[in-house]
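Now for the letters of each chain:
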Amino acid sequence: MARYEPSQSETKWQEAWNKADLFAARRDPAKPKYYVLEMFPYPSGRIHMGHVRNYTMGDVVARYKMAKGFSVLHPMGWDAFGMPAENAAMDNNGHPKDWTYGNIAVMKDQMKPLGLSIDWSREFATCDPDYYGQQQAMFIDMLETGLVYRKNAVVNWDPVDMTVLANEQVIDGKGWRSGAEVERRELTQWFFKISDYAEELLDALDNLKDWPEKVRLMQANWIGKSRGLQFAFSTVDAPEGFDRLEVYTTRPDTLRGASFAAISPDHPLAKHLERHDPKVAEFVAKCRAGGTTEEAIETAEKLGMDTGIKVRHPLDTSWELPVYIANFILMDYGTGAIFGCPAHDARDFEFATKYELPITPVFEPVEGDYPEAEYVPLKSEKVRYIRGFAGDEVQTGEEGVASAIAFCEENGIGQGVTKFRLRDWGLSRQRYWGCPIPVVHCETCGVVPEKKENLPVELPYDEDGQKIDFSIPGNPLDRHPSWRDCTCPNCGGPGQRETDTMDTFVDSSWYYARFTSPGAATPTDPAEAEYWMNVDQYIGGIEHAILHLLYSRFYARAMHKTGHLPAKAIEPFDALFTQGMVTHEIYLTRDAKNRPVYHLPEEVEDGKLKATGEAVETIPSAKMSKSKKNVVDPMNIIAEFGADTARFFVMSDSPPERDVEWTAAGAEATSKFLARVHRIADDIANSDAPANEAEDTALLKATHKAIDEVTKSIEGFTFNKAVATLYGLTNTMSKSTAGAETKRDAMKLMAQLLAPMVPHLAEEVWSMLGGEGFVIAARWPEADPALLVEDSVTLPIQINGKRRAEISVPKDMPKEEVEKLVLADEAVVKALAGGQPKKLIVVPGRIVNVVI
RNA sequence: GCCCGAGUGGCGGAAUGGUAGACGCAGCGGAUUCAAAAUCCGCCGCAGCAAUGCGUGUCGGUUCGAAUCCGACCUCGGGCACCA
C-alpha cells in the first residue's frame with residue numbers, strides 16, 4: 001500500500017512541472033489570455049503566512065484558469081527599495097543592496113517549495129538598475145509632458161539628527177532615534193500632477209465593477225470632490241498686499257453664522273506676520289511642532305491666535321470678524337483660509353467656545369429641539385433657516401448651499417467652485433535606497449533631465465573605494481561628492497545630481513506592466529502590453545485600498561499619455577480582490593529607555609523569552625508586520641507536513657477577505673485529511689467492487705454537485721467553501737459502496753477539483769488512478785445539469801414564524817396541493833384547533849408559514 | 001479627529017429575507033489493539049428529566065418571517081498622503 005509522503009512526492013512533481021515548462025507564459029493567439037497577479041512582496045527576509053495565503057489564492061486562480069484553457073500569466077517579483085534596508089544597514093553595519101538581494105535569495109528559496117505556478121523567467125526586483133532605469137526614462141517623459149513639477153512641501157524634520165523622518169519614525173511627536181521634538185519643515189520637492197486626473201479617477205470608479213464596493217467608496221472619499229463657494233473677504237488693518245483674504249467653504253449657506261476667519265500657519269499672511277511679529281513667530285513655531293500626518297494635525301489640541309486683523313463680512317460690510325491663525329487649517333486644502341460657523345460645525349464650536357467667540361445659529365430643526373452644542377444635520381435633511389439669505393425658509397442643506405452659491409454669484413460676492421481633497425503626489429524622498437531622480441542641477445541651465453542614453457543613473461555602491469557609512473543619519477547621496485558631481489547634460493558644464501530618490505510607490509505603480517515584457521529595452525513592449533494587459537485578477541491586502549491602487553491608476557494613465565501603455569490599460573486592474581490579513585499576537589519587552597523591543601513568536605514560550613526567561617508583554621492580535629515581529633514562519637509547517645498542507649490550511653476556514661488569526665492547531669488536522677484522501681484513492685485504485693446501479697448514481701450525483709459547488713466557490717473567491725465541499729465529498733466517497741469503476745471516475749474528478757489548492761497531492765492521486773498526463777493540464781470538469789436536480793424537497797412548516805414541522809414533497813408540487821398537505825399536518829391541525837389560518841404563505845421549494 | 005469594514009457555539013466559520021450553527025478544530029462516548037499511536041463509527045449552541053423556552057455585539061424598527069433590511073449605540077480592525 002502506498003503511503004502519503006509529501007516530502008518525496010512534492011519534490012517529484014515540482015521537478016516534473018519544471019521539466020515540462022508548464023508555467024512559462026506564452027503569447028498564444030489561439031487561446032484567451034488570463035493575467036493573475038498578487039501584490040509583490042517586500043523582501044523583508046523570510047516569507048510569512050500572509051504571503052502563503054496571498055500567493056496560494058493567486059495560484060488557485062491561475063491553475064483553475066489554466067485548466068479552463070486560458071494562456072495564463074502569473075509572474076512574481078520584488079518590491080525591493082525602501083526604508084527597512086537602510087535601517088538594517090544602520091543596525092548591522094552593512095549595505096542595503098547586499099541585505100536586499102540576500103533576502104530575495106532566501107525568500108525565493110522559501111517560496112519555491114510551495115509549488116506555485118509562477119513564471120519565474122519574468123522575475124525582477126525594483127532595485128535592479130534595469131528596472132529603475134526604465135522608471136527614470138518614464139520620469140523624463142513625464143517631466144517633458146508636464147506631469148512632473150517641483151514645489152515646496154512639508155516634511156518631518158528631526159532637528160537633532162538633522163534629517164527627514166518618515167511618519168513611522170515619528171513617535172508621539174518625537175524622533176524615534178534622537179527623541180527630539182519633530183518639527184514640520186518646508187523643502188522643495190518633486191510632484192506628480194495626479195490632481196489633473198482627480199475628476200477622471202473619480203468618475204472611472206463607476207466602471208470598476210469587479211472591485212470591492214468598499215475600495216471604490218474609500219477612493220471616492222479620498223479624492224473628495226466638493227462643491228463650494230470661493231470668495232474674498234476684504235481686510236481691515238492687514239499688511240500691504242493682503243487687502244483680500246480668499247476663503248473656500250462648502251457651507252456658504254451658513255455665512256450669516258460666521259464668527260471668525262482662520263488661516264493656516266503656512267498661509268502667506270501667517271508667514272508674513274511671522275517675519276514681523278515675534279509673538280506670531282512663536283505661535284507659528286508651536287503650530288509646526290509634531291508630525292505631518294493628518295491624524296496628528298486633526299487630533300492635536302486646537303490652537304488659535306488672534307492676529308488683530310479684521311475682515312468685513314461680505315453680506316454686511318459694517319460687520320467685522322477677527323482673523324485667527326489656527327493649527328488645524330491645512331494649507332493644502334482649499335485656499336488655506338476659512339470662515340468658522342460654530343453653530344453648525346463641531347470643530348468650529350470647540351474653537352469658538354475656547355476663544356469665547358459668538359455662536360449664532362443659521363438654521364434649526366424643522367421638528368424637535370435645538371441641541372445643546374453644535375447642530376450638524378445631514379446635508380440631505382430639511383432644516384428651517386432663521387438666518388438664511390437665499391432659497392426657501394425650509395429646505396435641505398444641499399438646497400441651501402446651492403441657492404447660497406447662486407445668490408453670491410449673482411451679487412458678485414464669489415464663485416461656485418469644485419474642489420478636490422486629493423493632493424498632488426509628492427515623490428521626493430531624502431534617502432539612499434530608492435530610484436534616483438534622473439535630473440542634474442546646473443548653475444547655468446537650471447534643472448535639466450539626464451540624457452536617456454546615460455540611464456540608468458545608478459546608485460553608487462561605495463564612496464571612492466570606501467564603504468558608504470549608513471550609521472550617520474541623513475542621505476548618503478547628499479554627502480557623496482564623486483557621485484553627486486557630474487556634468488550638465490545640456491551645456492557640459494559642472495552640475496550636481498539630484499540627491500532625492502523616488503517614493504517606493506512609484507516602483508509599485510507599474511511593475512504589473514513591466515511583467516508583460518521584463519527584458520524590453522523600453523519600459524514596455526507594445527505588442528506584449530497589448531496582448532497581456534489588463535491584469536484580469538489582482539489580489540492583495542486591503543491596506544493598499546487607497547494609496548497603492550490610486551497611484552497605480554494614475555500612473556497607468558501617465559504611461560498611456562507618454563506612450564508606454566495602450567489606451568485600454570489606463571485602468572490596469574480589471575478585477576480586484578482584497579484578502580484579509582493574517583494576524584498574530586505581538587510580544588515585546590522594554591529597553592532601558594522604556595522603548596518597545598519586539599520578539600518573534602518562536603522566541604517566546606509561555607509568556608517568557610526562551611533565551612532569558614524574561615516575561616514579555618502581549619498585545620492582542622494585529623496585522624503581521626516585520627517591524628512588530630509578530631510573524632509566523634511557514635517553513636516549519638512545510639518541513640513538517642508539506643506544502644499542500646500549508647496551502648490547504650490557509651484556504652480553509654476563514655473567508656479570504658476576512659482577517660485570519662494564525663494558529664498552529666489546524667495544520668495537523670489538515671495533514672490528516674490529505675493523508676485520508678490519499679488512502680481512499682489508494683483503496684479505490686486496488687478495488688474490484690462490482691457495479692451497483694443505485695450507489696453508482698448516488699456517487700455520481702454527489703460528485704457532480706461538488707463540481708458545481710467547487711467551481712462556483714473558486715469563481716466567487718470563497719475558497720473556504722470549496723474546502724468544505726471537498727471535505728463533504730471525501731466523506732461521501734469513503735462511505736460509498738459504488739462499483740470500482742464509478743469510484744475511480746469520481747476520484748479522478750475529485751483530483752481535478754483538488755488540483756488548484758493541493759496540486760501535488762492531486763497529481764499523485766491522478767496518476768495512481770491512471771489519469772493521462774498532468775492533472776492540471778486536464779480540462780476542468782463541467783457538472784452535468786441533469787445530475788444536479790433533486791426529485792423531492794423537504795419543506796419546513798412554520799407556525800407564526802417558528803419552525804414546528806416539516807414535510808417532504810415532490811420538487812414541482814403545485815402550491816394548492818402543498819397547502820392541502822400542510823393543513824392536514826398534525827402539528828398544524830393541533831395549532832389551528834378547528835379554526836382557519838389568517839394567512840398561509842407557501843414559498844415553493846423553500847418554506848411554508850402558517851399565520852394564526 | 002475623519003473615511004472604510006467586521007462582530008454568529010469552547011474555537012475558525014456556514015446560511016445575504018425563508019429549517020441558525022453546513023464543513024472543520026477542540027471535547028465526549030464507542031469499535032479496533034496485549035497496549036498505545038494511527039484509523040473507523042457516533043454525540044456535540046445554552047437552560048431543562050422532559051414538554052419547552054432562550055439564542056447571531058447592544059437597544060429599537062420594518063416584515064407572515066430578520067444573522068441578513070433600516071436607525072442609534074458599543075467593541076475590534078484597516079487607512080489617513082514619507083511603513084510597505
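In the block above lies the structure referred to throughout.
Below, the structure is looked at part by part. (Residues numbered from 1 in each chain as written. Chains lettered and ligands numbered in written order. Predicted model: local features only at pLDDT ≥ 70, side-chain atom pairs only at ≥ 80, totals over all residues. Heavy atoms only, no water.)

Lining the immediate surroundings of RNA strand B are 67 residues, of which N167, R429, R431, K721 and N849 lie closest. Expressed as a percentage, the sugar and phosphate content of the atoms of RNA strand B within 4 Å of the protein is 65%. Taking N221, its side chain carries an N or O atom lying 2.8 Å from a sugar or linking oxygen of RNA strand B. One nitrogen or oxygen atom from the side chain of E295 is found 3.0 Å from a base nitrogen belonging to RNA strand B. Counting residues per element, the surface near RNA strand B draws most heavily on helix α22 (residues 719-735), which supplies six residues. (Near = heavy atom within 4 Å. Polar contact = N/O pair within 3.5 Å; in protein donor to acceptor, adjacent residues only side chain to side chain. Helix = DSSP H or I, 4+ residues; strand = E, 2+ residues; numbered from the N terminus.)

The strands making up a sheet are joined through hydrogen bonds of the backbone, oriented either antiparallel or parallel. If you walk across this open sheet you meet the three strands as β14-β15-β16, and the pairing is antiparallel. The open sheet has two free edges, formed respectively by β14 (363-365) and β16 (394-396), since each of these has just one partner strand. Each strand axis lies, on average, 45° off the axis of its neighbour in the sheet, ignoring direction. Here three bridges tie strand β15 (residues 382-385) to β16, and the two strands are oriented antiparallel to one another. Within β16, the position partnered with R384 by the bridge is V394. Its contacts with the sheet put helix α12 (residues 397-410) on β15 and β16, and the angle it makes with β16 is roughly 95°. (Pairing = 2+ DSSP bridges. Axes fitted to C-alpha atoms, helices over the stretch in contact; angles between N-to-C directions. Contact = heavy atoms within 4.5 Å.)

Among the nonpolar cores identified, the biggest contains 155 residues, and Y511, Y512 and M747 are the most heavily contacted of them. Here this core gets 10 residues from one element, more than from any other, and that element is helix α2 (residues 49-67). In this view, M747 contacts V677, I680, A681, I684, M733, V765 and L769; residues no more than four positions away in its chain are not counted. Counting 39 residues, the second-largest nonpolar core is a separate cluster that includes V247, V284, L321 and Y375. (Core = buried A, V, L, I, M, F, W, Y, C linked by side-chain atoms within 4.5 Å. Buried < 20%, exposed > 50% of the residue type's maximum accessible area, 1.4 Å probe, protein only.)

On to the side chain of N720. Relative to the helices and strands, N720 resides in helix α22. Ignoring any residue separated from it by four or fewer positions in sequence, one finds N720 in contact with M651, S652, D653, S654, P655 and P656.

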